[in-house]
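# Secondary and tertiary structure notes
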Amino acid sequence: MYFRLKHYAGTWTRAYKPYQLHAGRANIWLLGPRVSETTTSCFRTFNTTGRHQLCLLSLVHSAINLALPFGPFDDAAITHRASCNAGFIPPEEEERLLPMFLRSTSLSSPIGFLRPKVVEEILKNDKETGKKSIWNVLRRPDDSPWAICFANHVADSETRTEGMHVVLERWKAEGLFPDILKGWSDETYPVYLPQQERPSTISTAFGIERAALPLFGFANFGCLLMAFYDCPATNKTMLWIPRRSLTKSTWPGRYDCTVGGGMGLWETPNETIIRECTEEASLPSDFVRKHARSTGMLNFTNQSPSKWILPGIYYLYELRLPNDGTIMPRTNAKDGEVDTFQLMDVEEVMQRLLQGQFKPSSAMALVDFCIRRGIITPDSNPEYLDVCLAMRRPVVLPLP
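Definitions and limits used
- Per chain, residues are indexed from 1 in the order of the written sequence.
- Per-residue local features of the predicted model are confined to residues with pLDDT of at least 70, and side-chain atom pairs are confined, for both listing and counting, to 80 or more; whole-chain, interface and lining totals are unaffected and use all residues.
- Remark: hydrogens and water are excluded; side-chain values derive from all non-hydrogen atoms of the structure.
- Strands are runs of DSSP state E lasting at least 2 residues, helices are runs of H or I lasting at least 4, and numbering of each runs from the N terminus.
- Relative accessible area decides the class of each residue, using a 1.4 Å probe on protein chains only: under 20% of the type maximum gives buried, over 50% gives exposed, and in between gives partly exposed.
- Every case where a carboxyl oxygen of Asp or Glu lies within 4 Å of a side-chain nitrogen of Lys or Arg is listed as a salt bridge.
- Here the nonpolar core consists of buried residues drawn from Ala, Val, Leu, Ile, Met, Phe, Trp, Tyr and Cys, with membership extended through side-chain atoms lying within 4.5 Å.
- By this definition, two strands are paired if DSSP reports at least two bridges between them.

In the annotation of an unreviewed UniProt entry, the protein chain is listed under the name NUDIX hydrolase domain-like protein and assigned to Boletus reticuloceps.

This next bit is on unusual backbone geometry. Along the chain, Gly71 connects to Pro72 via a cis peptide bond; the corresponding omega equals 0 degrees. Although it is not a glycine, Phe177 sits at a positive phi angle of roughly 50 degrees. If you trace the backbone, Phe177 turns up in the loop between helix H4 (157-173) and helix H5 (178-181). One non-glycine residue, Lys307, adopts positive backbone phi at about 75 degrees. By the element assignment, Lys307 lies in the loop between strand S17 (293-303) and strand S18 (309-320). On the accessibility criterion, Lys307 (27% relative accessible area) is partly exposed.

One pass over the full model with this rule turns up 22 salt bridges. Here Glu348 ties to Arg352 by a salt bridge, and the two come within 2.9 Å at their closest N and O atoms. With Glu348 and Arg352 both in helix H9 (residues 346-354) and four residues apart, the pair spans about one turn of that helix. A residue is classified by how much of its surface remains accessible, and Glu348, at 28% relative accessible area, is partly exposed. One continuous salt-bridge network, built from bridges that share partners, spans Arg293, Glu318, Asp368, Arg372 and Arg392.

The next thing to look at is the nonpolar core. Ranked by internal contacts, the top residues of the largest apolar core, which has 41 residues, are Leu225, Ile273 and Leu319. At the level of elements, strand S8 (96-101), strand S11 (145-150), strand S14 (220-230), strand S15 (237-244), helix H7 (269-281), helix H8 (285-291), S18 and strand S19 (338-345) are the ones that each hand at least two residues to this core. Within the second largest apolar cluster, 38 residues are counted, among which are Phe228, Phe369, Ile376 and Val387.

We now examine the pairing of S18. The buried fraction of S18 amounts to nine of the 12 residues, a majority that puts the element mostly inside the structure. With 10 bridges joining them, S17 and S18 adopt antiparallel strand pairing. Across the sheet, the residue bridging to Met297 is Tyr315, located in S18. What sits between the antiparallel neighbours S17 and S18 is a turn of five residues, in which Lys307 has the positive phi angle 75 degrees.

So this is what it looks like as structure tokens:
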């Protein structure tokens, strides 16, 4: 079995015990004995097949790989950075982030975080549009910006939504941020008000084009569902696993949760998962409405390989299907999201997970599924506690 030593603030850790080692930030693998004869066969197999496979904790750190700034945010002297949990980025290479607020009178709760290249374009847009600018740039005495918020005249959901749309349309027409805006979908997603900013029952600050969420580090809200059954003949848990279409703009050809999708403006989690089940997997809406079970949430704070900030908040669901195949997911040619659905037992799913064959957010949803169902346990994996803690990041951005 391979144990992974991981660097945290000058300390290397293996499982739960810290070791003070003078070494670089690279990952170190040590060959050691099996932890226990009670370790399940699936983890004995997966962790001993070769160095090319990730250990479970390494998989979690590579997916939930970003620590967002935690404040305080109303101090212009503080520099905020995108801190990489996975240890892939040295501190000196971590980007500075500017917090984005709703308005200048409330600077304690950011609604997003801006990378330097986005700040640069906001400053240009602010200068070019003058008094009509939707931006209010907060500056230090040396005139450098330390935060961005909306201008005073952009004071409600409608004007914020329209103002952001105009700016994004302009950036798209100018060919800016092509790796992000090429995914333009004409789908409006919500950005929520900080809790202390909410009048009565209103929770939505404004809507924004789905593809543009990473430009501002806004939280992306969605739902992920695992469909499964327990095979009476083998006593194995069987999972319905789709392979993403090769034409998908993100993670083409990767394995995925049975069903997943983002929550549109004014849509509830339950409405989202029912819609996605019918669109992506051709599952009967009445069956899903009756049997889909809410199982928690996943705070998936991720930084893409090109350093875009992707804070995902996903509602998790599971759906037990009949083991006789009378109800099963099927591809929807009109939807085009899924190439094929495959039935896999949990051992095969875990093996493919540790080989990095899944979309990262879906991999984390599957890890959560396996923890809840007792497939990943303290006895089966010595990193169990670290894995559970790594899956529970604090949430900084506004929630519904």
